[in-house]
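Architecture and fold: a report
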Amino acid sequence: PIRDASQAPDALQVYRSALAAAEDGTVVVASIGHATNLVPLLQSPGDEISTLTGSELVARKVKKMVVMGGFRGDPSVYTDPTYQPEYAEWNFGGCGGPWVAPPPPPSSEDNHDDDTDNSNDDAEESQDNSDESHDDSDESYDDSNEPRDCGGYDLLGNITHTALALWPSSVPIVFLGFRTGERVFTGAENVERDLDDSPCDVAYRKFCGELEGYCNGGEGRNSWDPMAVLFAVRGDAHGYYRETRGMIRIDTPSGMSRWTPSPGGVFTGQSTLIEVEDEEGVAYQRGLIRDELNALFLRQPTRGPH
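Conventions we followed
- Residues numbered from 1 in each chain as written.
- Predicted model: local features only at pLDDT ≥ 70, side-chain atom pairs only at ≥ 80, totals over all residues.
- Heavy atoms only, no water.
- Core = buried A, V, L, I, M, F, W, Y, C linked by side-chain atoms within 4.5 Å.
- Buried < 20%, exposed > 50% of the residue type's maximum accessible area, 1.4 Å probe, protein only.
- Helix = DSSP H or I, 4+ residues; strand = E, 2+ residues; numbered from the N terminus.
- Contact = heavy atoms within 4.5 Å.
- pLDDT = per-residue confidence, 0-100.
- Pairing = 2+ DSSP bridges.
- Axes fitted to C-alpha atoms, helices over the stretch in contact; angles between N-to-C directions.

Before going further, it helps to spend a moment on the nonpolar core. Ranked by size, the top nonpolar core spans 25 residues in total, and within it Val58, Val62, Trp167 and Phe175 carry the most contacts. Elements represented by at least two residues in this core include exactly β1 (27-31), α2 (38-43), α3 (54-61), β2 (62-68), α6 (156-166), β3 (173-176) and β6 (241-250). The leading source of residues in this core is α2, at four residues. For Trp167, the contacting residues outside a window of four places in its chain are Val29, Leu38, Leu42, Val58, Val62, Met65, Pro172 and Ile173.

Rendered as structure tokens:
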């Protein structure tokens, strides 16, 4: 077994070897976390593993990619694919990139001239107050164009943008966004069971023990990445999702995402998964996904040779 990162094989070699050995059009890639391994793959030249470039391997071997990432904004807007976020989702932008202040609300066209003048005065006063509040706040929320000093995370917006720009347009991408996975909680039973020989138990216990506020008062952890992997492997077995076609744009360097549904649902090569609109039904289906994931997490691992 791998005991530390130095024993892990090179991600690019794993990607190229797995794709080269696969039948054409059979691979489903599940991208969870950051796209730091996708970019080297897509930029890789032919080598001793395959004469095909990374982009050519993807175009030939991959059927689709499922990406956990993107953020549609307000917590109450679970079923609106047009909602535009005001900041980056973690997988796409982390804490890096410049802080982008929310735009001011649009002015009403019905205002009279004197009302408009007052509105402008109020806006200037509001801006002054906003500047003062920024002066008193943490530097990471400065609305200038300076990076947030998050080290390598400052590069994530550009990495995400590059990965999606290099991805062959012939291979569909399905996005599972932040809001879609936010309300499914898993892992609580792993924390309670607490078996030292279960990697899932150890991981959930460690995470929820050190970051208790992220485990929803003992209900478990939000299931963004597990849901993306489950969809990639088993599809939508419970009728939980509506798949909306459109296009995503990633801002650099912030990593903020903008999703635009395609008119009339025309195929664009990209789609996003959102919850069905029936709130009573979706709560039941949400429970089915939770139970399916928990059952997988509670399985004892199959032990290979040590």
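From this point, the discussion proceeds with the structure in view.
On to the confidence of the model for the protein. Atomic detail in the predicted coordinates should be set aside for any region of low pLDDT. Taken residue by residue, the protein gives an average pLDDT of 79. The fraction at 70 or more is 75%. Note on residues 73-78: pLDDT is under 50 here. Beyond four places in sequence and across chains, it has 14 contacts. Note on residues 98-145: pLDDT under 50 across the span, and 21 contacts to partners over four residues away in sequence or across chains.

So, about the sheet that holds β3. The sheet built from six strands is open, its strands ordered β1-β2-β3-β8-β6-β7 with mixed pairing. For this open sheet the edge positions go to β1 and β7 (257-261), each flanked by a neighbour on one side alone. Each adjacent strand pair in this sheet contributes to an overall mean axis angle of 35 degrees, direction not counted. Here β1 pairs with β2 via five bridges, running parallel. Of the residues in β2, the one forming a bridge with Val27 is Val62. With respect to the sheet, α6 is in contact with β3 and β6, its orientation differing from that of β6 by roughly 110 degrees. Relative to β2, helix α10 (residues 224-234) is tilted by about 165 degrees, and along the sheet it contacts β1, β2, β3, β6 and β8 (270-275).

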